[in-house]
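Structural overview
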Amino acid sequence: IIAGWTGPATVLLGWTADEVLGHNISTILPSPQKENYENYLINYQRTGRSQLIGGSKVIKTKKKTGEEITIELSIGETKNGAPGKYIFTAVLRPVA
């Protein structure tokens, strides 16, 4: 669930905070990234192994307008104290 959204994220992707806060991150991802992300999190929560968390990956995504852009996606996570509960932080950076 998206709990925070910045002005630079709105500039980069076109979604406003009002449009995304409280929604699953997959709401703003196009296919196949949406399906890949959902499968990735299920696998991570099941196995505890990650190929992305703590690192970064260059991916293609789309702005709200449908324009395709390339971004570098970095994901970090924090366990919030409850078993099996995680908080993920995503940092997006445009790639020229």
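First things first, this report covers the structure right here in the doc. Please read all numbers here as calculations on a predicted model, not as lab measurements.

A few points about the sheet that holds strand E1 (residues 56-62)
- Reading across the sheet, the three strands line up as E1-E2-E3 and stay open at both edges, with antiparallel pairing between neighbours. The sheet is open, and its two edges are formed by E1 and strand E3 (86-94), each paired on a single side. Each adjacent strand pair in this sheet contributes to an overall mean axis angle of 40°, direction not counted.
- Relative to E3, strand E2 (residues 68-79) runs antiparallel, the two being bridged by nine bridges. Bridge assignment links Ile 75 to a residue of E3, and that residue is Ala 90.
- In this fold helix H3 (residues 33-47) packs onto E1, E2 and E3, with an angle of close to 145° to the strand it touches most, E3.

Reading the values: the criteria
- Residues numbered from 1 in each chain as written.
- Predicted model: local features only at pLDDT ≥ 70, side-chain atom pairs only at ≥ 80, totals over all residues.
- Heavy atoms only, no water.
- Pairing = 2+ DSSP bridges.
- Helix = DSSP H or I, 4+ residues; strand = E, 2+ residues; numbered from the N terminus.
- Axes fitted to C-alpha atoms, helices over the stretch in contact; angles between N-to-C directions.
- Contact = heavy atoms within 4.5 Å.

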